[in-house]
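Here is how the chains run, residue by residue.
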Amino acid sequence: MGSLGLRVPLGVPWLIIALAACRGESNRAAPDATPLAERGGIAVTTGYAPEPITPDVAAVYFSLRNTGTEADRLLTVAADVAGEAQIHAQRGEGGMMRMEPIAGLEIPPGTVTALAPGGNHVMLMNLRGRYAVGDSLQVHITLERAGQLTFWVPVIAYEDVEAMAERGPP
Amino acid sequence: MLNPTIRSAIVPWCTVTLVITGACTAPGGERGAAPEYRGWMLAEPMPKPDFTLRSTDGEPFSFRKETKGSVTLLFFGYTYCPDVCPLHMANIAAVLKKLPPRVASQVKVVFVTTDAERDTPERLRQWLGNFDPKFIGLTGPLDEVNAIQRSIGLAASRREEWPDGGYGMGHSAQVIGYTKDDLAHVMYPFGTRQEDWAHDLPRLVEGPPSG
């Protein structure tokens, strides 16, 4: 599994503890929560990936807190497990949900921007292998100002996504 | 009841196609009597649409006939959707597994693909099987599927071409809930939580809403 970047890092128990401190609204992590990664005024406050149902598409969710005073912009996302990762906007329009790739996502200062279920999210395609509940995925993101951040997200079941989105890990 | 992020995402479209009374009431209701359902009550009950599409075993499936007298949850989506569709299906499946079998066995879940081009019967069967092997999958040409959606007040699905050559299918995100009277009294937007399903499914099985 190592070639796919699918392993449970030694830091997972600590990660779980850190995430547990994020209980609360999905887009508002507790200020004292230990971020999954932090650099240049951007902190990854939470992250998780549902176990894919099919071998070709999957989603990753995470939240970015901009602790700086200027806007930043999420430019790219990559995951070792996927040949391609796209930032997708999801909007409700005319009675339907529309999902489409976007070139980047603004991360305004002083806010937490959530890539969350039913909203903006990352869609993984061309998966290089299967991964399952209990694995962790390595995710790399690039921001215009903050540069590159790398972090691990736990793989959870789709049925556990709502609890994770609302309250953090069980 | 709904996560604020999700609620803000659904508000623009949930108000568009169907006239809805009631609201996303807090569990137990903060004012007056507890609401009978946590889904959104329709102002006018809607009859089951009469259509026939192909099921994943290749046989024609007459929706009205095959689900007659059964509590039925109807949803339109596609398997390349990584977000709304699997979340709805996973939440419903998780709750059905926890409900007493005599309740769960009375609920039929029908998933109609809006992407028959990619959702072959085999793929759809496998996808649904991941949630619950009993979930029924139907495929048919998009114009037929859209006619069905329009007939029950849902927006028609639309193919959205992406710059990389891929595509997504815009689709309505409500699950329509039919009771044993073969009428829809309630619909469930994206963001309906497992505890809401656990609250409502036994009540849908008990019978149509009173009054």
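All figures in this text were calculated on a predicted structure; none of them were measured in a lab. (Residues numbered from 1 in each chain as written. Chains lettered and ligands numbered in written order. Predicted model: local features only at pLDDT ≥ 70, side-chain atom pairs only at ≥ 80, totals over all residues. Heavy atoms only, no water.)

S.K.: Please clarify how the interface of chain A and chain B should be interpreted in this entry.
M.R.: You'll often see interface size given as the accessible area lost when the parts meet. On the side of chain B, 41 residues touch chain A, which itself brings 37 residues to the contact. The contact between chain A and chain B buries some 3,100 Å² in all, and 58% of this surface belongs to carbon and sulfur atoms. On the chain A side of the interface with chain B, the three residues burying the most area are A:I53, A:M96 and A:M97, jointly 20% of the side's total. Linking chain A with chain B are two salt bridges, by the criterion used here. B:R123 is the partner of A:D56 in a salt bridge, and the nearest nitrogen-oxygen pair spans 3.1 Å. The interface formed by chain A and chain B contains nine residue pairs in polar contact (both at pLDDT 80 or more). Those elements that provide at least two residues to the side of chain A that touches chain B are β3 (57-66), β5 (82-93), β6 (96-101), β9 (121-127) and α2 (161-167) of chain A. Along the lines of polarity and charge, the residues of the side of chain A that touches chain B split into 15 nonpolar, twelve polar and ten charged. (Contact = heavy atoms within 4.5 Å. Buried area = accessible area lost by both parts, 1.4 Å probe. Salt bridge = Lys/Arg side-chain N within 4 Å of Asp/Glu carboxyl O. Polar contact = N/O pair within 3.5 Å; in protein donor to acceptor, adjacent residues only side chain to side chain. Helix = DSSP H or I, 4+ residues; strand = E, 2+ residues; numbered from the N terminus. Nonpolar A, V, L, I, M, F, W, Y, C, P; charged D, E, K, R; others polar.)

S.K.: Even after reading the chapter, I still don't get the confidence of the model for chain B, so can you show me in this structure?
M.R.: Note that predicted coordinates carrying low pLDDT should not be read in detail. Residue and element names in this part refer to chain B. A residue-level look at chain B finds 82% of positions with pLDDT of 70 or above and a mean pLDDT of 85. In the predicted structure, residues 1-31 sits below a pLDDT of 50 and forms 72 contacts with residues beyond four places in sequence or in another chain. Both scores are available for the predicted complex, with the pTM at 0.83 and the ipTM at 0.82. (pLDDT = per-residue confidence, 0-100.)

S.K.: Would you mind going over the side chain of B:H88 with me for this structure?
M.R.: All names here are of chain B. Following the sequence through the fold, H88 ends up in helix α3 (residues 84-98). Separated by 2.8 Å, the side chain of H88 and the backbone oxygen of A173 make a polar contact. Residue contacts for H88: discarding those within four places in its chain leaves F75, A173, V175, Y188, P189, F190 and W197.

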